[in-house]
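# Chain and residue survey
Residues per chain, in single letters:
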Amino acid sequence: MVDWSGILSSKGSVSTVKKFATGEISGRSLYSQFANTDSGGAVRQLLRQYGVTYGRRLARKALMRRGY
């Protein structure tokens, strides 16, 4: 289970996840954007457990369900 409330906690992180969900940035870029942050572990878990392709789908779902 991914902690989306932690990942989407600020406006900057929401825009980064939007870019990842739409394919503008890679999984490696997403990983580096969240490195050394409180939600870095959740992003790392997302990419390791689900991979980039399914991670993008989950990110789109999470953004849509939260109204972003």
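A brief structural summary. Along each chain, the written sequence defines residue order, and numbers are assigned to residues from 1. Residue-level local features of this predicted model are given only where pLDDT is at least 70; pairs of side-chain atoms are given and counted only at 80 or more, and the full residue set underlies all totals for whole chains, interfaces and linings. Note that water and hydrogens are dropped before the side-chain values are worked out from all heavy atoms of the structure.

### With respect to the packing of helix α2 (residues 11-22) against helix α4 (residues 40-65)
So the rule is basically this: Here the axes come from fitting lines to C-alpha atoms, over the contacting stretch only for helices, and the angles between their N-to-C directions go from 0 to 180 degrees. Numbering of helices and strands starts at the N terminus; helices are DSSP runs of H or I of at least 4 residues and strands are runs of E of at least 2. Every angle not falling under 35 degrees, over 145, or within 65 to 115 is termed oblique; those three ranges are roughly parallel, roughly antiparallel and roughly perpendicular. Should the near helix be turned anticlockwise from the far one by less than a right angle, the crossing is left-handed, and should it be turned clockwise, the crossing is right-handed. We call two residues contacting when some pair of their heavy atoms lies within 4.5 Å.
Look at α2 against α4: their axes get within 8 Å of each other, and the N-to-C directions meet at 110°. On the basis of the axis angle, α2 is roughly perpendicular to α4. Two packed elements cross with a definite hand, and for α2 against α4 that hand is left-handed. In this structure, α2 contributes Val14, Val17, Lys18, Phe20 and Ala21 to the contact, and α4 contributes Leu47, Val52, Gly55, Arg56, Ala59, Arg60 and Leu63.

### A short note on the packing of aromatic side chains
Inclusion rule: Pairs were defined over the aromatic rings of Phe, Tyr and Trp, the Trp ring being its six-membered one, requiring ring centres within 6.5 Å. Orientation was assigned from the angle between planes: stacked under 30 degrees, edge-to-face over 60, tilted for the rest. Per-residue accessibility, obtained with a 1.4 Å probe over protein chains only, is compared with the maximum for each type, and a residue is labelled buried under 20%, exposed over 50%, and partly exposed between these values.
One pass over the structure, following the stated rule, counts 1 aromatic pair. Aromatic pair Tyr50 and Tyr54: ring centres 5.6 Å apart, planes at 55°, arrangement tilted. Linking Tyr50 with Tyr54, this pair stays in helix α4, spanning 4 residues, or about one helical turn. Here Tyr50 falls in the partly exposed class, since its relative accessible area comes to 28%.

These figures come from the coordinates and say nothing about function on their own.
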